[in-house]
Amino acid sequence: MAEALNKRRPVPLILLVLVAFLAPIAGGQVNLDTLPVFGMGDVLGSLWGGPEAAILAHALLALLPCTALALLLFKRKIIQVPNTTISAVLLMFFGLLVGTISYSSFRYLSIQAATEWITYGIAFYAVIAGAGRQRGPAEIVAGLTLGCTVVALKAIAEYVSTMATDPTWRIFAGWVNPNATATMLLVGFFCALGLAVSSQRNLAAAWGVSAVLNGVAILLTQSKGGLLVLGFFSVFMLCLVALWSAREGLSRVKPAVGRMLGVVAALLMAGLMLQVMSRSPSGGGAMARVTDTSATAEQSFEFRINLWRGAVAMIRERPIGYGIGTYRYESGSPGITPQTHLAHQTYLQLGAEASPLAPLFLLAVAGLWFYHVFRGARKTPVPQNLLRAGVIAAVLAVGAHSLIDSDFSYYGVGLATFMLLGVGLLLSVDAVAPENVPASVRRISGAGVLLLAILFVFLGMADVLKGQMRGALMAQDRERAESIKGPLMSYAGGDAEAWALMAQVASTAEERKQALETAAELGPSTKNLRALARFQAEQGQLPQAIGNLRKALLRDPNNLLSLWLLSQFQEDTGDVDGSKRTLQRLVAVEETPYFRIRALPELVPTETYEGRIKLADAEPDLGAKRDLLTKALAGFKRYRQMTVPMIKTMSAGGTSYGGENLETMERKMTLATEKARELAAIQRRGGDASGATATDAEAEAFAGVLESSK
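Every chain's residues receive numbers from 1 upward, in the order its sequence appears when written. At least 70 in pLDDT is required for a residue's local features to be given in this predicted model, at least 80 for side-chain atom pairs to be given and counted, and no such filter applies to totals for whole chains, interfaces and linings, which use all residues. For the side-chain quantities, the full set of heavy atoms in the structure was used; hydrogens and water were omitted.

### Re the overall build of the protein chain
- Runs of E in the DSSP output that reach at least two residues are strands. Runs of H or I that reach at least four are helices, and both are numbered from the N terminus. Scanning the protein chain for helices and strands turns up 30 helices and two strands.
- A compact globule built from 710 residues should have a C-alpha radius of gyration of about 27 Å, and the protein chain, at 28 Å, falls within 12% of that.
- Viewed in the frame of its principal axes, the protein chain has a C-alpha envelope of about 90 × 60 × 45 Å.
- Taking all 710 residues of the protein chain together, the buried fraction comes to 55%.
- It only takes one pair of heavy atoms within 4.5 Å for two residues to be counted as in contact. Considering only contacts in the protein chain between residues 6 or more positions apart, those separated by 24 or more positions represent 74%.
- Of the roughly 29,600 Å² of accessible surface on the protein chain, a fraction of 62% belongs to carbon and sulfur atoms.
- The charge count includes Lys and Arg as positive and Asp and Glu as negative, but it does not include His or the ends of the chains. Here the site of a charge means NZ on Lys, CZ on Arg, CG on Asp, or CD on Glu. Of the side chains in the protein chain, 64 bear a positive and 54 a negative charge, and the two mean positions are spaced by 11 Å. Our radius of gyration is a C-alpha quantity, and the globule rule it is checked against amounts to 2.2 Å times the number of residues to the power 0.38. Relative accessibility thresholds used throughout: buried, under 20% of the residue-type maximum; exposed, over 50%; partly exposed, between the two (1.4 Å probe, protein chains only). We get accessible surface area from the Shrake-Rupley algorithm with a probe of 1.4 Å; when it comes to residues, only the shown protein chains can shield them.

Below, the structure written as structure tokens:
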């Protein structure tokens with residue numbers, strides 16, 4: 001049977017349909033700090049959406065379109081290629097991204113990010129060269145739709161399993177966050193609609209069910225942006241379907257429009273039933289976040305606005321960009337938000353990383369694509385046009401949602417979108433053409449594609465080794481960690497994170513020093529510079545430690561940990577005035593959006609409160625001391641009310657919450673208890689009996705947290 005299938009379907013097309021199916025399932029994680037890997041189960045789990053070996057999962061996905069394109073280049077003399085102008089602009093875009101590696105301060109990370117982007121382009125060219133213009137485009141769209149439907153079924157099962165305990169749960173379905181899940185499901189929804197309106201009646205119902213499942217899963221993400229895009233482009237696609245099917249008269253319009261309206265009606269009914277079934281006595285339900293008007297929701301929106309302001313400031317500060325993939329380390333430099341992994345806006349993030357030319361090139365490609373996919377619609381068969389309507393709606397949905405999220409940073413979304421760009425051109429009249437490509441060009445190009453795929457797998461293996469090292473360190477398995485050191489350096493000798501891990505398994509102070517210095521050189525992040533500064537302080541090299549903290553503050557001037565450490569080291573050198581100025585600078589951060597508008601409102605930072613306490617300890621004036629302690633304890637009260645419950649919940653599951661754990665919580669509650677009693681004594685001496693009584697009550701509340709955690 002397999003042999004017969006290969007005769008009917010060329011191998012490149014089979015590979016393309018397979019990657020379209022797998023992209024939504026295995027492409028939902030992003031390159032964050034490496035997670036512990038304890039065995040092959042974690043690695044294989046990444047192919048089902050797990051985060052432990054995300055880069056390797058992406059690399060294995062990329063192998064499929066890379067192999068497909070290489071086979072076509074090696075075997076065929078005539079290669080189908082896209083419109084010359086589109087191709088030229090796209091190549092300039094990718095060339096620009098690669099060029100940023102040369103001036104990136106985090107080159108290893110930029111190489112990794114550029115590799116992912118280039119494989120998007122390879123998938124685009126592979127679809128155009130290998131899918132043909134008959135059944136191939138529809139089969140790729142079908143593969144993508146089925147993959148998204150698997151994700152939708154995972155999402156629904158996930159919600160059903162949590163509905164009883166948390167009816168407001170937002171689903172992830174193997175993706176890094178619910179908003180990313182929503183973007184991928186939008187692609188699946190519109191592709192399924194395109195297949196439903198363009199297929200024969202016996203298949204249309206199945207694709208309609210697929211669309212409803214994807215739509216229900218989008219509801220379960222509770223992504224406000226996703227739902228807005230879903231509604232708007234459903235209307236847009238309905239107009240396209242009605243317009244393009246009208247060529248064959250009302251008899252053609254009715255079933256096409258009727259199928260779409262049927263899907264929408266079924267989705268609305270399913271959503272209503274879901275909300276009723278999930279309704280809890282407290283009023284929460286499956287759509288609780290969508291209707292949420294609380295201060296927490298407002299703060300989340302304000303944080304996103306501040307990220308965009310920060311990205312604009314980065315572009316103004318360095319118009320050439322900081323290097324593709326480096327936003328996570330450079331985003332704190334404007335002092336508007338803490339360092340954040342993604343800008344939640346594709347075009348601004350590209351502008352900050354690779355100059356404003358990058359989003360302009362990408363938008364130019366999109367503009368040219370839309371021109372060609374709409375051109376000549378009257379000359380193509382109606383079923384082809386109806387499928388094209390679904391492809392256009394899916395691409396537009398991603399492009400629009402990218403205004404409020406960094407959608408192309410999610411590998412599955414990026415890969416699927418570029419494949420759909422290729423499908424759209426194949427469904428058009430004259431957007432692609434066969435070209436006789438010289439053998440030398442084909443061989444060099446094919447070899448280059450395979451080398452890039454190998455590089456990507458190499459980077460993925462390095463990521464797995466870093467995860468295995470973290471796993472060994474977490475398990476305190478020194479022997480295992482020692483056995484990983486050699487392979488880790490072979491694969492990731494140019495990676496700052498690998499050297500930071502090497503510092504944790506160093507057997508001598510000299511080895512640790514070399515590893516920390518190399519990590520800070522290859523990746524001068526605030527985290528790496530702080531680690532080096534701490535080591536230098538332990539070795540009595542306080543001037544060097546202070547120098548590295550000042551370097552860290554250049555990249556993130558309001559970083560609370562860096563300012564707190566700097567004040568401590570200054571005090572240790574005897575620079576009391578300098579330490580005081582740094583503490584005052586630390587406390588002043590409280591008045592900035594950097595501190596007030598946080599990504600996680602429940603995660604209350606306490607460094608400024610500890611800074612106030614430090615200033616109060618050195619303050620001779622009782623009035624000033626009282627004011628400092630009052631504000632510090634008000635902050636610790638917020639920490640107790642908002643952060644402590646989250647720490648306890650996460651600790652019960654064996655994890656920390658934003659770096660906070662029971663140990664750090666107990667230290668802070670001990671300090672707060674001690675200082676509350678000190679403030680109460682000051683208030684009594686000043687004649688404020690009622691204030692002292694209230695402060696004593698707060699001291700008991702802080703102490704109660706300590707008692708309950710034992």
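### As for the pattern of salt bridges
- Every case where a carboxyl oxygen of Asp or Glu lies within 4 Å of a side-chain nitrogen of Lys or Arg is listed as a salt bridge. Evaluation of the coordinates by the stated rule reveals 21 salt bridges.
- For Glu-497, the salt bridge identified is with Arg-470, shortest N-O distance 3.1 Å. Of this pair, Glu-497 sits in helix α20 (residues 496-504) while Arg-470 sits in helix α18 (residues 439-474); the two residues are 27 residues apart in sequence, bridging distant segments of the chain.
- A salt bridge links Arg-684 to Asp-696, with the nearest nitrogen and oxygen atoms 2.1 Å apart. With Arg-684 in helix α29 (residues 662-685) and Asp-696 in helix α30 (residues 689-708), the pair connects residues that are twelve residues apart, well separated along the chain.
- Exposure remark for Arg-684: the relative accessible area of 46% places this residue in the partly exposed category.
- Ionic contacts of the salt-bridge type, sharing partners, join the residues Lys-466, Arg-470, Asp-495 and Glu-497 into one network.

### Some words on helix α25 (residues 576-588)
- Given the number of residues in a helix, its expected span is that number minus one, multiplied by 1.5 Å. The end-to-end C-alpha distance of α25, which contains 13 residues, comes to 18 Å, matching closely the 18 Å that a straight helix rising 1.5 Å per residue would cover.
- Every buried residue of α25 is listed here: Gly-578, Ser-579, Thr-582, Leu-583, Leu-586 and Val-587.
- Close packing links the buried residues of α25 with α24 (560-572) and α27 (607-617).

### So, a negative patch on the surface
- Residues form patches when they are more than 30% accessible in relative terms and have no salt bridge. Like charges link within 9 Å. Nonpolar side chains (Val, Leu, Ile, Met, Phe, Trp, Tyr) link within 5 Å. Among the surface-exposed residues, Glu-510, Glu-511, Glu-517 and Glu-521 lie close enough to one another that they form a single negatively charged patch.
- Along the chain, Glu-511 falls in helix α21 (residues 509-522).
- Its relative accessible area of 35% is what places Glu-511 among the partly exposed residues.

### A few points about unusual backbone geometry
- Of note in the backbone geometry, Ala-173 takes a positive phi value of approximately 55° without being a glycine.
- Among the structural elements, Ala-173 can be located in the loop between α7 (136-162) and α8 (178-198).
- Positive phi outside glycine occurs at His-344, with the angle close to 55°.
- You can see His-344 is positioned in the loop between α13 (327-330) and α14 (346-354).
- What makes His-344 buried here is its relative accessible area of 19%.

### What about the packing of helix α22 (residues 526-538) against α24?
- For the pair α22 and α24, the least separation of the axes is 11 Å and the interaxial angle reads 15°. Viewed along their axes, α22 and α24 adopt a mutual orientation that is roughly parallel. As α22 packs across α24, the resulting crossing turns out to be left-handed. Contact with α22, carried on its side by Arg-530, Ala-533, Arg-534 and Ala-537, involves Leu-561, Ser-562, Leu-565 and Phe-569 of α24 and no other residues of that element.
- Classification convention: Asp, Glu, Lys, Arg as charged; Ala, Val, Leu, Ile, Met, Phe, Trp, Tyr, Cys, Pro as nonpolar; all other residues, Gly among them, as polar. Partitioning the contact of α22 with α24 into residue classes produces five nonpolar, one polar and two charged. Fitted lines through C-alpha atoms give the axes, limited to the stretch in contact for helices. The angle between two N-to-C directions lies from 0 to 180 degrees. Any angle between 65 and 115 degrees counts as roughly perpendicular, while under 35 counts as roughly parallel, over 145 as roughly antiparallel, and the rest as oblique. In this scheme, a crossing is called left-handed if the near helix is turned counterclockwise away from the far one by less than a right angle; it is called right-handed if the turn is clockwise.

### Focus on the confidence of the model for the protein chain
- A residue's pLDDT is the confidence the predictor assigns to it, expressed on a 0 to 100 scale. With 97% of its residues at a pLDDT of at least 70, the protein chain reaches an overall mean of 93.
- Ignoring residues within four places in sequence, the model shows residues 1-6, a span with pLDDT below 50, making one contact including any to other chains.

### Some details on α22
- If you check α22, its first and last C-alpha atoms are 18 Å apart, about what 13 residues at 1.5 Å a residue would give, namely 18 Å.
- Among the residues of α22, those classed as buried are Thr-526, Asn-528, Leu-529, Arg-530, Leu-532, Ala-533, Phe-535 and Gln-536.
- Buried residues along α22 sit in contact with α20, α21, α23 (542-555) and α24.
- Phi turns positive, to about 80°, at Gly-540, one or two residues after α22.

### With respect to the environment of Leu-542
- Take Leu-542: it is sitting in helix α23.
- Residue classification places Leu-542 among the buried positions, given a relative accessible area of 15%.
- Residues Leu-542 and Leu-566, 24 residues apart in the sequence, show an inter-C-alpha distance of 9.9 Å.

### Digging into the nonpolar core
- In plain words, nonpolar cores are sets of buried Ala, Val, Leu, Ile, Met, Phe, Trp, Tyr and Cys residues tied together by side-chain atoms within 4.5 Å. By size, the foremost hydrophobic cluster in this structure holds 157 residues, and its most contacted members are Trp-117, Phe-190 and Phe-418.
- With residues near it in sequence (within four places) discarded, Trp-117 still touches Phe-93, Phe-94, Leu-97, Ile-324, Leu-350, Phe-408 and Phe-418.

### Section: the state of the cysteines
- By disulfide we mean two sulfur atoms from cysteines, separated by a distance within 2.5 Å. Applying the stated criterion across every chain yields a total of zero disulfides.
- The cysteine Cys-239 is free of any disulfide, with Cys-191 supplying the nearest cysteine sulfur at 19 Å.
- Look at Cys-239 and you get exposed, because its relative accessible area is 51%.

### Details of the packing of aromatic side chains
- Classification of ring pairs rests on two measures: the distance between centres of Phe, Tyr or Trp rings, Trp counted by its six-membered ring, which must be within 6.5 Å, and the angle between planes, read as stacked under 30 degrees, edge-to-face over 60 and tilted in between. All told, the structure shown has 20 aromatic pairs when counted by the stated rule.
- Seen in terms of ring centroids, Trp-117 and Phe-408 are 5.8 Å apart; in terms of plane orientation they differ by 20°. Their pairing is stacked. Pair noted here: Trp-117 is in helix α6 (residues 107-130) and Phe-408 is in the loop between α16 (382-401) and α17 (411-426), with a separation of 291 residues, a long-range link. Like Trp-117, the residue Phe-408 is buried in the burial classification.
- One aromatic cluster is present, built from ring pairs that chain together Phe-93, Phe-94, Trp-117, Tyr-120, Phe-408, Tyr-411, Phe-418 and Phe-456.
- Two conditions define a charge located above a ring, namely a distance within 6 Å from the ring centre to NZ of Lys or CZ of Arg, and an angle within 35 degrees of the ring normal. The ring of Trp-244 carries Arg-388 above its face, with NZ or CZ at 5.4 Å from the centroid.
- Positioned over the ring face of Phe-702 is Arg-640, at 4.9 Å from the centre of the ring.

### Focus on a nonpolar patch on the surface
- Together, Met-40, Leu-44, Leu-47, Leu-60 and Leu-63 line one region of the surface with nonpolar side chains, adding up to about 420 Å² of accessible area.
- Those elements giving two or more residues to the nonpolar patch turn out to be α3 (40-45) and α4 (54-75).
- Considering the arrangement of structural elements, one finds Leu-44 in helix α3.

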